[in-house]
Amino acid sequence: MDESWSVLINAPRHQPRDGFNWDEKSSKEYSQHIINLMEAKGLDIRSRVEVLEYRSPADLERNVNAPGGSIYGTSSNGARSAFWRARNRSKIKNLFLVGGSTHPGGGLPLVGISAEIVAEAVEENLEQ
Ligand SMILES: Cc1cc2nc3c(=O)[nH]c(=O)nc-3n(C[C@H](O)[C@H](O)[C@H](O)COP(=O)(O)OP(=O)(O)OC[C@H]3O[C@@H](n4cnc5c(N)ncnc54)[C@H](O)[C@@H]3O)c2cc1C
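Quick caveat, the model's predicted, so the values are computed rather than measured.

The rules we used
- Residues numbered from 1 in each chain as written.
- Predicted model: local features only at pLDDT ≥ 70, side-chain atom pairs only at ≥ 80, totals over all residues.
- Heavy atoms only, no water.
- Helix = DSSP H or I, 4+ residues; strand = E, 2+ residues; numbered from the N terminus.
- Buried < 20%, exposed > 50% of the residue type's maximum accessible area, 1.4 Å probe, protein only.
- Contact = heavy atoms within 4.5 Å.
- Areas by Shrake-Rupley, 256 points an atom, 1.4 Å probe, with all protein chains shown as cover.
- Lys, Arg positive; Asp, Glu negative; His and termini not counted.
- Charge placed at Lys NZ, Arg CZ, Asp CG, Glu CD.

A. Geometry of the overall build of the chain. A count of helices and strands for the chain gives 3 helices and 0 strands. When the helices and strands of the chain are listed from N to C terminus, the series reads α-α-α. Expressed along its principal axes, the backbone C-alpha trace of the chain runs to roughly 65 × 40 × 30 Å. Put simply, the chain has 128 residues, and 20% of those count as buried. Once local pairs closer than 6 in sequence are excluded, the contacts in the chain between residues at least 24 apart make up 38%. Working note: accessible area of the chain is about 10200 Å², and carbon and sulfur atoms make up 53% of it. Computing the positive centroid from 15 side-chain charges and the negative centroid from 17, the chain places the two 8 Å apart.

B. Spatial organisation of unusual backbone geometry. With omega at 0°, the peptide bond leading from His-103 into Pro-104 counts as cis. Position of Pro-104 relative to the elements: it lies in the loop between helix H2 (57-64) and helix H3 (108-127). The backbone phi angle of Asn-65 is positive, close to 65°, even though this residue is not glycine. Tracing the backbone through its elements, the reader meets Asn-65 in the loop between H2 and H3. The phi angle at Asn-94 is positive, at roughly 65°, despite the residue not being glycine. Mapped onto the elements of the fold, Asn-94 is located in the loop between H2 and H3.

This is the structure we're talking about:
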């Protein structure tokens with residue numbers, strides 16, 4: 001029986017100038033490294049792989065315009081991380097910020113809350 005798997009690895013952002021350069025990493029080598037790790041944990045998938053598609057943070061940056069390929073916006077690790085996220089109401093009149101990189105954070109439930117906050121803020125703005 002065939003299956004389709006998606007393996008999502010937390011990784012450093014693509015930052016060629018002063019950080020990690022994902023374009024210098026061989027996609028074949030890195031995907032084999034992940035398969036080796038999975039095998040070491042008891043998941044024998046190597047013999048079953050027919051098609052393998054690899055996407056690095058650099059690919060994500062190019063394909064979806066996410067800076068550094070950071071699909072969740074700024075890092076959510078650390079006690080102060082919430083304070084680094086963009087506010088939903090900006091200092092510029094009639095400019096609102098919504099989505100995974102803004103308050104309250106990434107992931108579909110939080111993005112829904114972000115949309116609710118911004119919808120209410122826009123409504124309040126219209127009433128003034
Ligand atoms: C592989 C992966 C797995 C995930 N798994 C989960 C999960 O299991 N559970 C969960 O809760 N969250 C998950 N997430 C996170 C979740 O998908 C994101 O937090 C959420 O989609 C962010 O919503 P958003 O509206 O901010 O951005 P997006 O969903 O990225 O929407 C932005 C939209 O804007 C469009 N766009 C970009 N630029 C322009 C432009 N110039 N003009 C017009 N349109 C434009 C894009 O095409 C896109 O459709 C996952 C994300 C990824 C990448």
